[in-house]
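Understanding the architecture of this molecule
Here is how the chains run, residue by residue.
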Amino acid sequence: MPEAPSALSDDGSFDENNKKLLQFFENITTNADEVQKKVLNEILSRNAGVEYLQRHGLNGKTDYETFKKIMPVVTYEDLKPDIDRIADGDRSSILCSQPISEFLTSSGTSGGERKLMPTVEEELGRRSLLYSLLMPVMDQFVPDLHKGKGMYFLFIKSEAKTPGGLLARPVLTSYYKSSYFKKRPYDPYTNYTSPNETILCLDSYQSMYSQILCGLCQNTQVLRVGAVFASGFIRAIRFLEKHWPILCNDIKTGSLNPQITDPEVREAVLKILKPNPKLAEFIETECSKESWKGIIPRLWPNTKYVDVIVTGTMSQYIPTLNYYGNHLPLVCTMYASSECYFGINLNPLCKPSEVAYTLIPTMGYFEFLPTAREDEGPEKASTYDKNDLVDLVDVELGHEYELVVTTYAGLYRYRVGDILKVAGFKNKAPQFHFVCRKNVALSIDSDKTDEVELHDAVVKASIHLLPFEASLIEYTSFADTSAIPGHYVLYWELNKSSETIIPTTVFQDCCLTIEESLNSVYRQCRVSDKSIGPLEIKVVENGTFDKLMDYAISNGASINQYKAPRCVKYAPIIELLNSRVISNYFSPTCPKWVPGHKQWCSS
């Protein structure tokens, strides 16, 4: 298997390092089939004695054929008993021969809680390898990025400890708090305007304020801007809209606002912040203008692109990004998850709708389950089993698959839940469009709410209507991102058997009950991250859902197969629903949330 180049040297030979990394990528994609089989053999060899593989009858065998024949394709629920054992302190070799170093909390949900993905120390090296490939690729399209800085809004999130003492935290929090990030050698791609201390500050206000302030102070050095998700970047711009007068005062006087109390943050920011009345006046002039169209290139005039994820549900933010960025290129560089880091975009300046990720064959062992989405119609629906899985090099152009991964950290034939469409090939390695998360109905930020979870929450909430001789006839939902933060909107059509007025507080209780019933990722976004606003219920006129069906049938839907959608995105349908709203209500307070699972004591 080709060996990855060592970390970037600090002798200034970036061109040579870039060439080595690109050649490495060329080698592993040219020999993708061979690399994949070696990855699988390596994973099975080192974990031959673990309980999970023994239980399924692999009995120490490491060959590709036996693995394919014996090992089942699994979901998180299948692994949960073993994961719970590890979380509770069982240190035997259950899933992996190496010690589980921590759990990465997935934004997917299980019983209303974050999923816990086991990981091992060496996975940090694989993640670093993927990050190291990003600059060589970007350099081919946007030269001279090493001559400036990136203004990236990066944040850590709350972490907890399992009963057995292992940390449980999001994958990016794990990476940012590791030595790979904190003690990284100089690399132009990770030369940020934000000092590490501002990124590692857990107080979201202080972190956001100080990162924006540092970005403004270094505005002419900024060549690229971004965040992980499009929603996070827009939150930063909206934060600037609200707080620019006090930020300008800091820049004018060279003194840091007393609201920033974290001593390490203050020390780091004050190394950058110097009195600059001219810059403060420039920022004030731009921010005082009636329109904020193009505010990014106006304040950071040398910006070449915006680096954020805008695929999948994040595509809803593209118009807002184009407004603030004056149509600067929107760049999606990489594809990753808590389970595994997967691939990179080799054509980063393409349109968001054309983004395709090339999977990196060394990251894990990849298989693909042919799939058909419900919206393609029943004629395409099929039942697939493990014998239908195809290897990385055998996927077919234009076909859609669910990604299945085997990792070094103890996941074997695990269904990730991402639906991908083959867009092309880089040598023998396929390139994929990200289509959607399987079964996800609503998403604003890192939250993912599926139809079943939403339905169960609505059923619980509708019980509040019973004392008023009312019931829920039909409902649908919408992720409203027209304002920041975005929020969930539910449209309810009611049946009332009396003239009794339902008090506002009852509908507010319904809103809060739904929020309390949703998963911990949603509740964290509401309570801690403040990246989702209060849930809203809009009560619509009777007959609204009949009108919705009429509209669908007039556009070709079958009256025999029609069912009310549980989530809507199409603008004309949303307009129809909004035209028939007779009252609306918001959740009166935040739902309950603490780090970790309900049964744990938070650290």
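Residues numbered from 1 in each chain as written. Predicted model: local features only at pLDDT ≥ 70, side-chain atom pairs only at ≥ 80, totals over all residues. Heavy atoms only, no water.

The chain is annotated in an unreviewed UniProt entry as Indole-3-acetic acid-amido synthetase GH3.6-like of Nicotiana tabacum. Its UniProt record gives the chain a comment under Sequence similarities (unreviewed entry), which states: "Belongs to the IAA-amido conjugating enzyme family." (UniProt positions renumbered as here; feature names shortened; annotations may be inferred.)

Here we come to helix H16 (residues 451-462). Taking 1.5 Å per residue, 12 residues should reach 16 Å; H16 reaches 16 Å between its end C-alpha atoms and fits that length. Looking only at H16, the buried set comprises Glu453, Leu454, Ala457, Val458, Ala461 and Ser462. All buried residues of H16 lie within an arc of 160° about the axis, which places them on one face of the element. Exposed residues pointing more than 90 degrees away from the buried face of H16 are listed as Val452 and Lys460. (Helix = DSSP H or I, 4+ residues; strand = E, 2+ residues; numbered from the N terminus. Expected span 1.5 Å × (residues − 1). Buried < 20%, exposed > 50% of the residue type's maximum accessible area, 1.4 Å probe, protein only. Arc of directions from axis to C-beta.)

With that out of the way, let us pick up the environment of Ser517. Looking at the secondary structure, you find Ser517 in helix H17 (residues 504-517). Sequence separation between Ser517 and Ala457 is 60 residues; the distance between their C-alpha atoms is 5.3 Å. Beyond its immediate chain neighbours, meaning those up to four positions away, Ser517 contacts Glu453, Ala457 and Lys460. (Contact = heavy atoms within 4.5 Å.)

A few words on the sheet that holds strand E3 (residues 149-153). With parallel pairing, the four strands of this open sheet are ordered in space as E3-E6-E7-E8. Of all the strands in the sheet, the pair left with one neighbour each is E3 and strand E8 (330-331). Pairing geometry for strand E7 (residues 305-309) and E8, over two bridges, is parallel. By the bridge assignment, Val306 is partnered in E8 with Leu330. (Pairing = 2+ DSSP bridges.)

If you trace the four strands from one edge of the open sheet to the other, you get E19-E20-E21-E22, paired in mixed fashion. Edge positions in the open sheet fall to strand E19 (470-480) and strand E22 (581-586), since each of these has one partner strand only. Going across the sheet, the axis of each strand differs from the next one's by a mean of 25°, ignoring polarity. As paired strands, strand E20 (residues 487-496) and strand E21 (residues 536-540) are joined by five bridges and run parallel to one another. By the bridge assignment, Val489 is partnered in E21 with Glu536. On top of the sheet, H16 reaches E19 and E20; it is set at about 135° to E19, its chief contact. (Axes fitted to C-alpha atoms, helices over the stretch in contact; angles between N-to-C directions.)

Quick look at the environment of Cys332 now. On the secondary structure map, Cys332 appears in the loop between E8 and strand E9 (334-336). Along the sequence, Cys332 and Gln36 sit 296 residues apart, while their C-alpha atoms lie 25 Å from each other. Residues in contact with Cys332, not counting those within four places in the same chain, are Val308, Ile309, Val310, Thr311, Asn345, Pro348, Val355 and Tyr357.

A pair of packed helices is captured by two measures, namely the crossing angle of their axes and the spacing between those axes. Between helix H10 (residues 204-217) and helix H11 (residues 230-253), whose axes approach to 9 Å, the crossing angle comes to 70°. Classified by the interaxial angle, the pair formed by H10 and H11 is roughly perpendicular. As H10 runs across H11, the sense of the crossing is right-handed. Residues Tyr205, Met208, Tyr209, Ile212, Leu213, Leu216 and Cys217 of H10 form the contact with H11, whose participating residues are Arg235, Ala236, Phe239, Leu240, His243, Ile246, Leu247, Asp250 and Ile251. (Parallel < 35°, antiparallel > 145°, perpendicular 65-115°, else oblique. Left-handed = near helix turned anticlockwise from the far one by under 90°.)

With that settled, consider the nonpolar core. Counting residues in hydrophobic clusters, the biggest one holds 169 residues, and the most contacted among them are Phe233, Phe366, Phe368, Trp492 and Ile514. When residues of this core are assigned to their parent elements, the largest contribution, 11 residues, is made by H11. Residues contacting Phe233, with those up to four places away along its chain left out, are Phe153, Val225, Gly226, Ala227, Ile296, Val306, Val308 and Leu321. Within the second largest apolar cluster, 11 residues are counted, among which are Phe478, Leu548, Ala564 and Ile574. (Core = buried A, V, L, I, M, F, W, Y, C linked by side-chain atoms within 4.5 Å.)

So, about the environment of Gln140. Its location among the elements puts Gln140 in the loop between helix H6 (123-139) and E3. Placed 206 residues apart in sequence, Gln140 and Leu346 show a C-alpha to C-alpha distance of 9.6 Å.

For the rest of this paragraph, the subject is the packing of H11 against helix H13 (residues 277-288). It is at 8 Å that the axes of H11 and H13 come closest, and there the two elements cross at 165°. Judged by the inter-axis angle, H11 sits roughly antiparallel to H13. The crossing of H11 and H13 is left-handed. On H13, the residues touching Trp244, Cys248, Ile251 and Lys252 of H11 are Pro277, Leu279, Ala280, Ile283, Glu284, Cys287 and Ser288. Across the contact of H11 with H13, the residue classes break down as eight nonpolar, one polar and two charged. (Nonpolar A, V, L, I, M, F, W, Y, C, P; charged D, E, K, R; others polar.)

Note that the residue after Ile484, namely Pro485, is joined by a cis bond; omega there is 0°. For Pro485, the position within the fold is in the loop between E19 and E20. Residues other than glycine seldom take positive phi values, yet Arg413 does so here, at roughly 55°. Locating Arg413 in the fold gives a position in the loop between strand E14 (400-406) and strand E15 (414-426). Phi at Lys530 is positive, roughly 55°, even though this residue is not glycine. Looking at where Lys530 falls in the secondary structure, it is placed in the loop between helix H18 (520-527) and E21. For Lys530, a relative accessible area of 49% translates into the label partly exposed.

With that settled, consider the pattern of salt bridges. Across all of its chains, the model carries 29 salt bridges by this definition. Ionic pairing is found between Glu26 and Lys426, a salt bridge with its closest N-O pair at 3.0 Å. Here Glu26, found in helix H1 (residues 14-30), pairs with Lys426, found in strand E15; they are 400 residues apart in sequence, far enough to count as distant. Note that Lys157 and Asp529 form a salt bridge whose closest N and O atoms lie 3.0 Å from each other. Pair noted here: Lys157 is in the loop between E3 and strand E4 (160-161) and Asp529 is in the loop between H18 and E21, with a separation of 372 residues, a long-range link. Taken together, the shared-partner salt bridges in this structure form one network comprising Glu42, Arg46, Glu122, Glu123 and Arg126. (Salt bridge = Lys/Arg side-chain N within 4 Å of Asp/Glu carboxyl O.)

Here we take up the pairing of E7. Burial within E7 is extensive, with four of its five residues counted as buried. Sheet topology places strand E6 (residues 222-229) next to E7; four bridges connect them, and they run parallel. Pairing of Arg224 across the sheet is with Tyr305, part of E7. On the question of chirality, the crossover connecting E7 to the parallel E8 by way of helix H15 (residues 318-325) is right-handed. (Right-handed = clockwise from strand over helix to strand, strands pointing away.)

It is worth spelling out the packing of aromatic side chains at this point. The final tally for this structure, using the stated rule, is 20 aromatic pairs. Seen in terms of ring centroids, Tyr205 and Tyr209 are 6.0 Å apart; in terms of plane orientation they differ by 25°. Their pairing is stacked. Taken as a pair, Tyr205 and Tyr209 lie in helix H10 at a separation of four residues, close to a single helical turn. Take Tyr209: its relative accessible area is 0%, and that puts it in the buried class. With a centroid separation of 6.1 Å and an interplanar angle of 65°, the aromatic rings of Tyr335 and Phe434 are classed as edge-to-face. Of the two residues, Tyr335 is situated in strand E9 and Phe434 in strand E16 (residues 429-437); the sequence distance between them amounts to 99 residues. Taken individually, Tyr335 and Phe434 each receive the classification buried, so the pair is uniform in this respect. Three or more aromatic residues joined by ring pairs form one cluster here, namely Tyr131, Tyr175, Tyr176, Phe181 and Tyr341. Over the ring of Tyr408 we find Arg126; its NZ or CZ atom is 3.5 Å from the centre of that ring. (Phe/Tyr/Trp six-rings, centres within 6.5 Å; stacked < 30°, edge-to-face > 60°. Lys NZ or Arg CZ within 6 Å of the ring centre and 35° of its normal.)

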